Amino acid sequence: SCEGPVTVASAAMTFSPSDLCDGTTLLPVDSDLELGPIGAPSAAKPRTRGLRYALKGLGVAALAACVVGTLVKGRGSSAGATAAAGSSLSGSVVGLWYKKGADGYRAMKPEVTGRLWQVERMLVGASMCPAASDEIAELREGPWPRKHPGKAPRISKFMYINMPWDDKRRQYMEHQLQNLSSVWQRHNQTLSWERFEGVSATEFKTEDKYADWRQKGFSEAPKPDVQGDYGTASCTYNHYSAIRTIPESDDGLVVITEDDVEISPQFIELWDRLWPFVPEEWDVLRVGWFGDHQNCSMVVNPMVDVAGWQDPMEGDCAYCGAQAYVVNPKSKKRVLQRFERAKITHADELLGAPTPQLEDPKELPPLKAFVIWPTLAGTLLDDRGYPAFKSDRIFGEKALSGAIPSTGLHAMPSAAQPAAASGGPATLEEELGALPEKYQVAIKAELKKAQERATTDAAQLDEARLEATAAEAKAKKAEQEAKKAEQALEQEEVNYYMIPKYVAPTVPPYVAPTVPPYVAPTWPPYVAPTVPPMPPLATLPPLATMPPLATLPPLATLAPVTWVLPVTVAWPGANLPTMAPPSADAMRFQ
């Protein structure tokens, strides 16, 4: 509901109305529910980007304002270029290739990915998003975190791919890694790094040593179209060559990165926290990526998704980018075989979980590839949200003119910032003109589609307004009917009080039952028992026969004397004679 916060207990998350109605969270949910994890829009069934979801789930009248506001914002979930009705081209498109005002590339913004990541967990926690495969469903069962994950393996080395002519990126990476090494030292660890020199598109296209790779040919998948794209071919080959160099021993893991990434200064802490959520069996961990297109069917646990790569070149790029990743040393051969046997395509597709497009799954089976959140590295962005360095894959050496690190960079602590320099695409037309012709044609085609979708959206908006008007009329009619019902109820109350008075029935008086008088039982008289008479007392010797006390010798000279006095006593009931208490001398004598 857009009327207040919503709490899903299983996901332990709360979202405000702005999270659900601003077009960045609500709309991708709609495309997911309708089209599934890998669905693509069709001309016969275009996506309405939130309108249908709002009308189905929450009602026209209640959400008319939310829907109208959402559509006017033009935040498309199905296409990378979605134009809002009445807006100019330069300000109406959103996606990886296009800007939206000062927002930059939304697909690369951590706050956007973070919110989509949370919504996915809400859907899974509410049992609204089944897993894309039995394997993912089994992984979801957990337990997460793992009960006995052990200590996280040590990250001992970073390897960044850098072109021989790009000193600016090399200096940036060297400075960043130097700062990171102090972080490793604080954790009593040692960090090493290595620059891996890349091959240019021209070298890959012309030199004989790459003939075997060229002979494989390019992928024939329609989207993304890589035919004749030697910039992509050389980039993929560079990643392949870097993977070949990692050791297969257990002496620490190697992180392979591109040379325009920003590595988190909390890398070690995040890595330790992440490790209990990593499945026991894994081939590739993508710790730097972009493009969460609300694919909740790939969710494994709170911190991990299956890297279900897809890139139809319409802005729906999902689990894209090879900014930073770790190859399991035990899986090195399996990963290299995928690069060697597949036709030439993007490196991130080959590092994704699904079998590459148009390839034989038996020859190239899926990889156990996962992405994590929060990411441990990502493309370096300027303070406006654009990449700080232009793509050397697309522009080659011309990218040097677009290296624009500024004071707004999210740099490492204590890292000296390069001199500020404004740059980046000023207008959409300027950026299009700077791209190779192949991309210009594709993007202009997408712009045309976006205009057509905008027209369709405008029509649907009008339809929604009409439905909202109809709903308002219906509500008014319902109000009138409620008023009539209230009047009828009042009439029923009047009728109730006009009913004759209630006459209580006559109840006969209560007659108590007769109880017979109480007759006490008769007891026989008490006869006391007869006590026999007491026999006579024995006669004691007369006291006169006893020697006087005065004639007795002193007590000290007296030998112990024992007197035996025979006494007979009868009991009970005898009246004994009263005897005077003995005197002190008698007591002492005794």
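Residues numbered from 1 in each chain as written. Predicted model: local features only at pLDDT ≥ 70, side-chain atom pairs only at ≥ 80, totals over all residues. Heavy atoms only, no water.

(A) Expanded view of the overall build of the protein chain. A count of helical and extended segments in the protein chain gives 18 helices and 12 strands. For the protein chain, buried positions account for 45% of its 590 residues. Working note: accessible area of the protein chain is about 32,800 Å², and carbon and sulfur atoms make up 58% of it. (Helix = DSSP H or I, 4+ residues; strand = E, 2+ residues; numbered from the N terminus. Buried < 20%, exposed > 50% of the residue type's maximum accessible area, 1.4 Å probe, protein only. Areas by Shrake-Rupley, 256 points an atom, 1.4 Å probe, with all protein chains shown as cover.)

(B) Molecular detail of the confidence of the model for the protein chain. Predicted confidence across the protein chain gives a mean pLDDT of 75, with 65% of residues reaching 70 or more. A low-confidence stretch, residues 1-101 (pLDDT under 50), is modelled with 221 contacts involving residues beyond four sequence positions or located in other chains. Confidence drops under a pLDDT of 50 for residues 403-426, and excluding neighbours within four residues, the segment shows 56 contacts in the predicted structure. (pLDDT = per-residue confidence, 0-100. Contact = heavy atoms within 4.5 Å.)

(C) Geometry of the sheet that holds strand β7 (residues 284-290). Here we have 8 strands laid out as an open sheet, ordered β4-β3-β5-β10-β7-β11-β9-β8, and mixed in their pairing. The outermost strands of the open sheet, each flanked by one partner alone, are β4 (192-197) and β8 (299-301). Between one strand axis and the next, the sheet turns by 30° as a mean value, whatever way the strands run. Each of β3 (155-162), β5 (253-258), β7, β9 (304-306) and β11 (369-372) is contacted by helix α12 (residues 267-274), which is oriented at about 115° to β3, the strand it contacts most. (Pairing = 2+ DSSP bridges. Axes fitted to C-alpha atoms, helices over the stretch in contact; angles between N-to-C directions.)

(D) Quick look at unusual backbone geometry. Residue P143 is reached from G142 by a cis peptide bond, and omega for that bond is 10°. Among the secondary structure elements, P143 is positioned in the loop between α7 (134-140) and β3. Residue K223 is joined to P224 through a cis peptide bond whose omega torsion reads -5°. In this structure, P224 sits in the loop between α10 (211-216) and α11 (230-244). In this structure, S127 takes a positive phi of about 60° despite not being glycine. You can see S127 is positioned in the loop between α6 (110-125) and α7. Overall, the relative accessible area of 68% leaves S127 in the exposed class. In this model, N188 sits at a positive phi of 60°, which is unusual for a non-glycine residue.

(E) Looking closely at the pattern of salt bridges. This model, assessed by the stated rule, comprises 15 salt bridges. Note that R169 and D259 form a salt bridge whose closest N and O atoms lie 2.8 Å from each other. Here R169 is found in helix α8 (residues 167-186), whereas its partner D259 is found in the loop between β5 and β6 (261-263), with 90 residues between them in sequence. For the pair shown, R169 and D259 are each scored as buried. Taking the shortest distance from any N to any O, the salt bridge between E207 and K209 comes out at 3.8 Å. Overall, the relative accessible area of 29% leaves E207 in the partly exposed class. For K209, a relative accessible area of 61% corresponds to the exposed category. (Salt bridge = Lys/Arg side-chain N within 4 Å of Asp/Glu carboxyl O.)

(F) The arrangement of the state of the cysteines in detail. All told, the structure shown has 1 disulfide when counted by the stated rule. Note on cysteine connectivity: C129 is disulfide-linked to C296, with sulfurs 2.0 Å apart. Looking along the S-S bond of the C129-C296 disulfide, the torsion reads about 95°, which is the right-handed sense. You can see C129 sitting in the loop between α6 and α7 and its partner C296 sitting in the loop between β7 and β8, a full 167 residues away along the chain. (Disulfide = S-S within 2.5 Å.)

(G) Focus on the packing of aromatic side chains. Scanning all chains against the criterion turns up 19 aromatic pairs. When the centroid spacing of 5.1 Å and the interplanar angle of 75° are considered together, the rings of Y210 and Y237 count as edge-to-face. With Y210 in the loop between α9 (201-206) and α10 and Y237 in helix α11, this residue pair connects regions lying 27 residues apart in the sequence. Taking the relative accessible area as the measure of exposure, Y210 reaches 6% and is therefore buried. Judged by relative accessible area, Y237 falls into the buried class, the value being 13%. With 6.4 Å between their ring centres and 75° between their planes, W289 and W373 make a pair best called edge-to-face. Of the two residues, W289 is situated in strand β7 and W373 in the loop between β11 and β12 (377-379); the sequence distance between them amounts to 84 residues. A network of ring pairs unites the aromatic residues F204, Y210, W213, F218, Y230, Y237, Y240 and F339 as a single cluster. We note R121 situated over the ring of W117; from NZ or CZ to the ring centre the distance is 3.7 Å. Seen from the ring of W275, R146 lies directly overhead, with NZ or CZ sitting 5.4 Å from the centre. (Phe/Tyr/Trp six-rings, centres within 6.5 Å; stacked < 30°, edge-to-face > 60°. Lys NZ or Arg CZ within 6 Å of the ring centre and 35° of its normal.)

(H) Layout of the nonpolar core. In this structure, F158, W184, I243, F267 and W271 are the most contacted members of the largest nonpolar core, which totals 80 residues. At 6 residues, the largest contribution of residues to this core is made by α8. Ignoring anything within four residues of it in the chain, the contact list for W184 reads I155, F158, Q189, T190, L191, F267 and I268. Grouped together as the second largest cluster of nonpolar side chains are 6 residues, M108, F290, C317 and C320 included. (Core = buried A, V, L, I, M, F, W, Y, C linked by side-chain atoms within 4.5 Å.)

(I) Representation of the packing of α11 against helix α13 (residues 332-341) within the structure. Contact pair α11 / α13: the axes reach a minimum separation of 10 Å and the direction vectors enclose 155°. Between α11 and α13, the angle is such that the two are roughly antiparallel. The element α11 and its partner α13 pack so that their crossing is left-handed. Note on element contacts: α13 touches α11 through K332, V335, L336, F339 and E340, opposite T236, H239, Y240, I243 and R244. (Parallel < 35°, antiparallel > 145°, perpendicular 65-115°, else oblique. Left-handed = near helix turned anticlockwise from the far one by under 90°.)

(J) Seen up close, a negative patch on the surface. Side chains of D134, E135, E138 and E141 sit close together on the surface and give a patch of like negative charge. Locating E135 in the fold gives a position in helix α7. Using a relative accessible area of 54% as the deciding quantity, one classes E135 as exposed. (Patch = residues over 30% accessible without salt bridge, like charges linked within 9 Å, V, L, I, M, F, W, Y side chains within 5 Å. Lys, Arg positive; Asp, Glu negative; His and termini not counted. Charge placed at Lys NZ, Arg CZ, Asp CG, Glu CD.)

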